[in-house]
Amino acid sequence: MLKVHDVSKSFGGLLVIDSFSMEVQPNQIVGIIGPNGAGKTTLFNIITGYLSPDRGTVTLDNHNITKKKPEKINRYGIARTFQLVKPFANMTVLENVMIGAFSHTSKTAEARRIAQEYVELVGLQNKANEKAGKLSLPERKQIELARALATEPKYLFLDEVFSGLNPTEIEEIIKLIHSIKELKKISFVVIEHNVRVISGISDKVYVLHHGVVIAEGTPEEVLTNQEVVAAYLGG
Amino acid sequence: MGKIQRNVLILLLIATIFIVGCSNSASSDSDSQEIIKIGVIQPFSGPNAQAGEETYKGNELAVENINTNGGLLGKKVKLIKADATNAQEAISEAERLITKEKVDIITGTYVSGVAYPATQIANKYGVLYWETNASAPNITQQGFNNVIRIGQYGVPMATVAVNSIKDVVAPALGKSLTELKVVIVHEQSIYGTSIGEIEEEELKKLGAKVKRIPYDAASADLSSVVNLSKNENPDIWLRTGYVNDGALLFKQARDIGWKPPVIMGQADDNAYLLEALGDKGMEGILSISYPSYDMNEKYAPGIKDYLDSYRNKYGSEPKIPQTLVSYGGTEILFDLIKEAKSTDANKIREAALKMDVKIGGTYPTGYGVKLDPKTLDNTRAFPVLTQWKNGEIKTIYPPEAVGTDAKIELPLRGW
Amino acid sequence: MGQIIISGILLGGIYAIVSYGLTLIFGVIRVINFAHGSLLMVGMFMAYYLSKGMNLNIYLMMLIVVPLMFILGVLIQKYLLSKVINEPDMQLFVTFGLLLLFENVMLAVTKGEFFSLDMNMGTIPIGSLVLDWGRLINLVAAIVLAILLLLFLNHTKIGWAIRAVSQNRYAAGIIGLRVERLYILAFGLGSACIGIAAVLLTPIYTIFPHVGFNFVIVSFAVVILGGLGSIPGALAGGMIIGLLESLSGYLIAPELNQIVWYLLFLLVLFFRPAGLFGIAGSEEGGVK
Ligand SMILES: Nc1ncnc2c1ncn2[C@@H]1O[C@H](COP(=O)(O)OP(=O)(O)O)[C@@H](O)[C@H]1O
Ligand SMILES: [Mg+2]
């Protein structure tokens, strides 16, 4: 179980995350919603080791992983994608995913085999040998997903994977997440601000507003919460 | 950034500042009317520290000499060292010498870039700046009437190059001046350009065919200079530049197997070039040089005494010719102070303008004295022509200066 | 004219070999390494003094100089730069401090004197054209080193990791790459490459504390032209600049020999910052 306990973070006096706590169970999908600037990405950066919290802890199956470096955190079984996609632009799709696979093998052939599997899983097999920098935004998001998956995480954090995609593409990624969840038995933490999308896939939802959790629970509970409706859904 | 890192950085900085700035600061004595104080501005630290120190030894020997012979105007002479490696230090050290040390005269300077700002401070206070060594043209082009350059600079250096070509080089090649083809190559800053342009103009006046090629001394490759020169098939390759570009130029000529009949350079009589090209590579190369230690005693009276006192005091042979130049320049200053009966800049200038000493026969540098009334440059500070022979420098021109049985040998044969 | 092209290619080999170290360091760690030229200078002095001291052939000194330079690079990254890894301004400060330190120490040691190896290795005539051994050996070494580096970068796990980190260090961390260690390795490798260059250039140039300065701007130009972190790019960039310099020196004027490539460098910097051979838009963003 991944546990975030009482985490706070401010940037130059501005409190961006205020006493945030959450729990993610194995094989669960957790959604985090909130308007732009709510602090969602900052939260991901803290959990995945890119930022240190001012206060609070992050634990994974009783290991304290607070303030560990990203590569260490990855070894505990956490991976992520980025809101602003960061593929290795000068490498091919397959090579991008191979780098992920190298986290648990040092043989190039083995890494290639694993990478091929994930490239197929996200449906990029036809573009496997193209340079990542040349692909479209949805395709680059798929590369990031495959690359993160290739590290074989137990918890996968997806930062706005749906933004900029059309409804059919969103549908496909939702299907993909569900099938990966069944296949690999991993948990997802998904940032999204489209309420319909998030309630469609999440087992549990946290609503973040100015760094504070204003509601949590099942999608149904959260969407009927008066405060959420007032503050976020615009009344 | 953590504390440790900050400390490391501070340490680094301190180390740097220490190394850059470890200067021998001069101590100040009680003011006395019984001494004449002369401030000496030289780079006593940094890249030119050794050269600055060696140049200073010339002043030191001249002062010792005068003090043991009764001093000047009945007073002892005292030198005060000031360390300057760049313009800022030159300004603050010149200020210190004048306002704190109350020197009567300032002299220097191995580095032209130090002399230039220092002369401006001396001018502000009307103190005489007696330049024995720096050769940059701009130092005496400021219209100052308190800055006298007694040592050699571009015009006499170019003049001797041209005169020696006319008097000994062309005859040794068996060619008349109108048959001569000269390629002048020079680094493109004011140093190389000012000399290269005079050489071009004067050689053309004599009827020689001339091509001039400027180049960048910081260039990692000078093959285009070499190839362009070779295309002209010159009789004489005349060069003005620094050490590292000189070594590269000669090596790249060697690399394409080209050696013209004559190579002549400004100050190419240094040991660094010898190390780069070896005895065989440098053999026969001519150089317009500072007065050399093998000069004839009649041309350079006192040179033997100078050499003896240098060996006695410092226990070695002189390392660079600039020591002799500052020694000879300081002797001229002392003669003028006696003549003017004063250390006042105006009185010394008046005396200096009247001075008329022919080249050779008076001072241990062989220099004559005749100031250009406009710039106060000494137009008779004539260098000599030397030639490399078996890894040694031999003076071969002017004939009166030659102190050995060395004769010019041309054309050059292979690298 | 043939001789000019030969000179250009040989010069290209020199510019390429001094750039590999920079493209590794600049390309991977993204720190503007002001100390690049002074590291080259330090390597040249090491090679010179060792070769003179032991009276052995200069090229043998690679066996000593390269490991020493590797260690020096590792120490610089591990104990200085990695302490300020997220502070680009401080990194500049550190590399600039190193430049001052190296140059001033060497100035203090050498008292501003010049040093050269008198190695007249002779020339190889090809018809009416001539090549010199020093530059030819350097050119061959530049090509061989490029091939070795490429094999290393493309066919080993560490090589892959270095390439990945150079393209996006933020993405590299959370897929398990040990970014700081890779940086240390990259600086070490880069410095080792500078060591190789230093040994090869020692017979060609006169050595003095500012000798590296002659190669700094040009190696930054080569690296920008060829694309950050690209070894084939550095080889091609070195050749382009070498040929441009040689041709413009001969056809326009020696004093303007660097103007043409400098203009090209500025154009590339402004209009194709990923380099002539890099993929546009491959520069990384921050953590978002
Ligand atoms: N590195 C940073 N330095 C300063 N402010 C930051 C930094 N990262 C994020 N912020 C600020 O923190 C707030 C939350 O940002 P972010 O976590 O990106 O929001 P979200 O992902 O919910 O849109 C914003 O006001 C943003 O400007
Ligand atoms: Mg965000």
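Residues numbered from 1 in each chain as written. Chains lettered and ligands numbered in written order. Predicted model: local features only at pLDDT ≥ 70, side-chain atom pairs only at ≥ 80, totals over all residues. Heavy atoms only, no water.

Caption draft 1: Layout of the overall build of chain C. Helix and strand counts for chain C stand at 11 helices and two strands. Going residue by residue from the N terminus, the α and β elements of chain C occur as α-α-α-α-β-β-α-α-α-α-α-α-α. A compact globule built from 288 residues would reach a C-alpha radius of gyration of about 19 Å, and chain C, at 19 Å, matches this within 12%. In terms of overall dimensions, chain C has C-alpha extents of about 60 × 40 × 35 Å along its principal axes. Per-residue burial for chain C yields a buried fraction of 61% across its 288 residues. Sequence separation of at least 24 residues holds for 75% of the intrachain contacts in chain C that already meet a minimum separation of 6. Accessible surface computed for chain C: about 10600 Å², of which carbon and sulfur atoms make up 72%. Side chains of chain C carry 13 positive and 11 negative charges; the gap between the two charge centres is 14 Å. (Helix = DSSP H or I, 4+ residues; strand = E, 2+ residues; numbered from the N terminus. Rg over C-alpha atoms; globule rule 2.2 N^0.38 Å. Buried < 20%, exposed > 50% of the residue type's maximum accessible area, 1.4 Å probe, protein only. Contact = heavy atoms within 4.5 Å. Areas by Shrake-Rupley, 256 points an atom, 1.4 Å probe, with all protein chains shown as cover. Lys, Arg positive; Asp, Glu negative; His and termini not counted. Charge placed at Lys NZ, Arg CZ, Asp CG, Glu CD.)

Caption draft 2: Summary view of the interface of chain C and chain A. The partner chain A presents 34 residues to the 24 residues of chain C that form the contact. Summed over the shared surface of chain C and chain A, the number is one salt bridge. Put simply, E180 of chain C and K69 of chain A hold a salt bridge, and the shortest N to O gap is 3.6 Å. At the junction of chain C and chain A, the tally comes to eight residue pairs in polar contact (both at pLDDT 80 or more). Taken together, the residues of the side of chain C that touches chain A break down into 11 nonpolar, eight polar and five charged. (Salt bridge = Lys/Arg side-chain N within 4 Å of Asp/Glu carboxyl O. Polar contact = N/O pair within 3.5 Å; in protein donor to acceptor, adjacent residues only side chain to side chain. Nonpolar A, V, L, I, M, F, W, Y, C, P; charged D, E, K, R; others polar.)

Caption draft 3: Broad picture of the sheet that holds strand 1 (residues 2-11) of chain A. Residues and elements named next belong to chain A. Here four strands make up an open sheet; going across it, the order is 2-1-4-5 and the pairing antiparallel. At either end of the open sheet lies a strand with only one pairing partner, and these are strand 2 (14-24) and strand 5 (63-64). Note that strand 4 (residues 55-60) and strand 5 share two bridges and pair antiparallel. The residue bridging L60 from the neighbouring strand is H63, located in strand 5. (Pairing = 2+ DSSP bridges.)

Caption draft 4: Broad picture of the side chain of S45 of chain B. Considering the arrangement of structural elements, one finds S45 of chain B in the loop between strand 1 (35-42) and helix 2 (49-68). A polar atom in the side chain of S45 of chain B sits 2.8 Å from the side chain of D83 of chain B.

Caption draft 5: Region of interest: the coordination of the magnesium ion (ligand 2). All names here are of chain A. Looking at the magnesium ion (ligand 2), the protein donor atoms are T41 (OG1) and Q83 (OE1), and they sit 2.0 to 2.2 Å from it. On the criterion of sequence distance, the pair formed by T41 in helix 1 (residues 40-47) and Q83 in the loop between strand 6 (78-80) and helix 3 (93-101) is long-range, its members being 42 residues apart. The class of T41 is buried, set by a relative accessible area of 16%. On the basis of relative accessibility, which here comes to 25%, the residue Q83 falls in the partly exposed class. (Donors = N, O, S within 2.8 Å, 3.2 Å for Na, K, Ca; no water.)

Caption draft 6: Main features of a nonpolar patch on the surface. Residues and elements named next belong to chain C. Residues M54, L56, L60, L63, I64, L68, I71, L75 and Y79 make up a contiguous nonpolar surface patch of about 830 Å² in total accessible area. When residues in the nonpolar patch are grouped by element, the largest group, six residues, is from helix 3 (residues 62-79). Relative to the elements of secondary structure, I64 occurs in helix 3. Residue classification places I64 among the partly exposed residues on the basis of a relative accessible area of 30%. (Patch = residues over 30% accessible without salt bridge, like charges linked within 9 Å, V, L, I, M, F, W, Y side chains within 5 Å.)

Caption draft 7: Representation of the interface of chain C and chain B. Counting residues at the interface gives 50 residues for chain C and 42 residues for chain B. Roughly 4000 Å² of surface becomes buried between chain C and chain B when both sides are summed, with 58% attributable to carbon and sulfur atoms. In terms of surface lost to chain B, no three residues of chain C exceed F114, Y250 and P254 of chain C, which account for 14% of the buried area on that side. Counting across the interface, chain C meets chain B through three salt bridges. Ionic pairing is found between K52 of chain C and E275 of chain B, a salt bridge with its closest N-O pair at 3.7 Å. Across the contact surface, chain C and chain B share 11 residue pairs in polar contact (both at pLDDT 80 or more). For the side of chain C that touches chain B, the secondary structure elements donating two or more residues are helix 1 (2-29), helix 2 (36-54), helix 4 (88-110), strand 2 (129-132), helix 9 (213-226) and helix 10 (231-251) of chain C. Top contributing element to the side of chain C that touches chain B by residue count: helix 4 of chain C, with 10 residues. Grouping the constituent residues of the side of chain C that touches chain B by class yields 26 nonpolar, 14 polar and 10 charged. (Buried area = accessible area lost by both parts, 1.4 Å probe.)

Caption draft 8: Main features of the nonpolar core. Counting residues in hydrophobic clusters, the biggest one holds 238 residues, and the most contacted among them are L2, M22 and F162 of chain A, W237 and F250 of chain B together with Y20 and F215 of chain C. Sorting elements by how many residues they give to this core places helix 1 of chain C first, with 16 residues. Once you skip the residues sitting within four places of it in the chain, F215 of chain C turns out to touch A220 of chain B together with I14, Y15, V18, L40, L201 and Y205 of chain C. Grouped together as the second largest cluster of nonpolar side chains are 44 residues, A62, I150, F334 and L376 of chain B included. (Core = buried A, V, L, I, M, F, W, Y, C linked by side-chain atoms within 4.5 Å.)

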